[in-house]
Amino acid sequence: MAPIRLPSPIEDLSSVRSAEKLDSNKGDVVHKQKFDIKESELHAAKKSRNVNFEAFYGIEPTRIDRRFDVTLSDHSYLPKIENPRADWVVTAATNAFRAFQNGELGQVKRFATIGTGSGTDVIAALDIFPAIEAVAMTDLHDSVVAAAKANVLAATEKADDEIRAVAASAIARAGDVLVPLKGQEPFDLIYENLPNIPLPDTADLGNGQASSTYVGDRSQDKIPPFASTALLDLHYVALWQAKTFGLLSPTGAVLSSMGGRVATDAMLKLADAAGFVGRVISLSWKEQSEPENVIGGYAEFEKQGLGPFYFYPTAALEKVFAAYKPASAALCAQQIDIKLSRHRLDATTALQRYRQGEKIGHTVVVMASVLKTGQD
Ligand SMILES: C[S@@+](CC[C@H](N)C(=O)[O-])C[C@H]1O[C@@H](n2cnc3c(N)ncnc32)[C@H](O)[C@@H]1O
């Protein structure tokens with residue numbers, strides 16, 4: 001199958017770039033050599049699975065059906081139904097949405113998610129935000145967003161009329177980052193959970209779940225070198241597009257969900273560079289999913305001088321985080337950092353330890369960013 005072509009970078013400032021990046025520290029060009037992907041880790045053998053809302057999300061449903069089926073396309077990112085501790089929606093999205101709602105950080109009527117995968121993030125948002133009126137979801141493949149919308153409908157079959165109407169009118173569009181939402185009314189909350197690791201330029205995005213580890217050619221996106229060195233390119237692009245496409249309501253926020261494999265300072269600096277003020281609202285941890293690809297990818301980039309990238313044994317993460325809820329952990333991020341520091345592994349060591357049978361994880365940071373005052 002031929003590789004998928006993304007929208008023109010010239011028109012949208014959005015598309016993706018070559019592997020050459022300036023490293024501000026060295027004033028030099030860093031060539032990000034790409035690495036080989038292990039397809040076997042990315043494919044979902046089972047295309048349909050039944051979800052028990054409470055067992056998966058870890059909270060009682062208030063509006064969503066207690067049980068529903070999730071069906072995946074060949075390209076859908078696999079939700080970790082059998083191991084919620086390795087799932088992004090459970091460890092990042094659900095915690096961050098609850099922190100946003102319980103912290104009264106803004107009323108969420110219009111919600112969008114970028115890189116939705118199976119749509120389980122939209123399902124969490126429908127349950128957690130009581131004022132929700134409209135939802136939109138994007139991903140790279142038509143088949144993925146079609147399956148995600150079908151899953152949202154399946155999860156709300158027995159829900160009240162109001163929530164079923166929101167599900168029925170959900171926008172589901174394929175395309176790069178926020179490009180498919182251009183021209184939409186602004187959103188109160190935009191959640192993104194985009195990948196960090198660049199696939200080889202030659203990789204075929206039409207192949208299985210390759211898009212879950214994809215960054216692409218971002219040469220038109222003027223990504224600050226520090227962000228690129230930390231492999232946070234797509235998180236920068238999402239913030240930049242939210243601002244320049246006018247997709248945020250005046251009090252709206254972008255939630256950037258990032259594996260805390262880099263220092264939090266780099267994430268906050270990312271928001272600043274894109275014209276936002278960022279703040280961590282949820283800090284949790286997650287078992288590394290697709291460990292060969294992801295830890296292996298970070299190890300490759302570490303060898304090329306990028307990073308440093310941080311991983312931990314899951315036993316240490318479990319112990320340190322036991323005393324905190326995700327919102328209180330965000331408040332106590334510095335304490336947690338100190339407690340975790342003696343367990344920290346670089347990517348190369350983490351990969352070795354994983355191959356020796358140890359469970360490896362990383363922290364999960366969700367940053368809420370609002371536009372700087374005076375910007376439109
Ligand atoms: C880490 S997965 C997360 C999926 C889902 N949010 C979840 O937590 O289960 C990243 C998702 O982003 C999608 N993606 C990758 N590059 C993208 C891009 N440039 N624009 C939109 N979505 C993208 C992938 O296809 C994948 O579904």
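Scoring rules and cut-offs
Residues numbered from 1 in each chain as written. Predicted model: local features only at pLDDT ≥ 70, side-chain atom pairs only at ≥ 80, totals over all residues. Helix = DSSP H or I, 4+ residues; strand = E, 2+ residues; numbered from the N terminus. Buried ≥ 20, exposed ≤ 12 C-beta atoms within 10 Å, placed from the backbone. pLDDT = per-residue confidence, 0-100. Contact = placed C-beta atoms within 7 Å. Axes fitted to C-alpha atoms, helices over the stretch in contact; angles between N-to-C directions. Parallel < 35°, antiparallel > 145°, perpendicular 65-115°, else oblique. Left-handed = near helix turned anticlockwise from the far one by under 90°. Nonpolar A, V, L, I, M, F, W, Y, C, P; charged D, E, K, R; others polar. Pairing = 2+ DSSP bridges. Core = buried A, V, L, I, M, F, W, Y, C linked by C-beta atoms within 7 Å.

Draft legend 1. Focus on the overall build of the protein chain. The secondary structure content of the protein chain amounts to 14 helices and twelve strands. The buried share of the protein chain, taken over its 376 residues, is 51%.

Draft legend 2. View of the confidence of the model for the protein chain. Mean pLDDT for the protein chain: 86, with 82% of residues reaching 70 or above. Long-range and interchain partners of residues 1–31, a stretch whose pLDDT sits below 50, account for 69 contacts in this model, where long-range means more than four residues apart.

Draft legend 3. Representation of the environment of Ala327 in the model. With respect to the helices and strands, the residue Ala327 is situated in helix α12 (residues 326–331). Look at Ala327 and you get partly exposed, because 19 C-beta atoms sit within 10 Å. When neighbours within four sequence positions are excluded, Ala327 is seen to be in contact with Ala99, Gly103, Ile281 and Ser282.

Draft legend 4. Inspection of the packing of helix α10 (residues 291–303) against helix α14 (residues 347–355) at higher detail. Put simply, α10 and α14 touch, their axes get as near as 8 Å, and they point 150° apart. Classified by the angle between their axes, α10 and α14 sit roughly antiparallel to one another. Of the two possible hands of crossing, α10 and α14 adopt the one that is left-handed. Counted together, Pro291, Ile295, Gly296, Tyr298, Ala299 and Glu302 of α10 and Ala347, Thr348, Ala350, Leu351 and Tyr354 of α14 form the full contact between these two elements. A breakdown of the residues in the contact of α10 with α14 according to their chemical character gives eight nonpolar, two polar and one charged.

Draft legend 5. Focus on the pairing of strand β9 (residues 248–259). Within β9, nine of the twelve residues are buried, which leaves the element mostly enclosed by the surrounding structure. With five bridges joining them, strand β8 (residues 187–192) and β9 adopt parallel strand pairing. By the bridge assignment for β9, Ile190 is matched with Val254. Note: β9 against strand β12 (residues 360–371), six bridges, orientation antiparallel. The residue of β12 that forms the bridge with Val254 is Ser369.

Draft legend 6. Spatial organisation of the nonpolar core. Among the nonpolar cores identified, the biggest contains 109 residues, and Ala125, Val135, Ile190 and Ala238 are the most heavily contacted of them. Among the elements that take part in this core, helix α3 (residues 88–102) stands out by supplying nine residues, more than any other. For Val135, the contacting residues outside a window of four places in its chain are Phe111, Val122, Ala125, Leu126, Val166 and Ala170.

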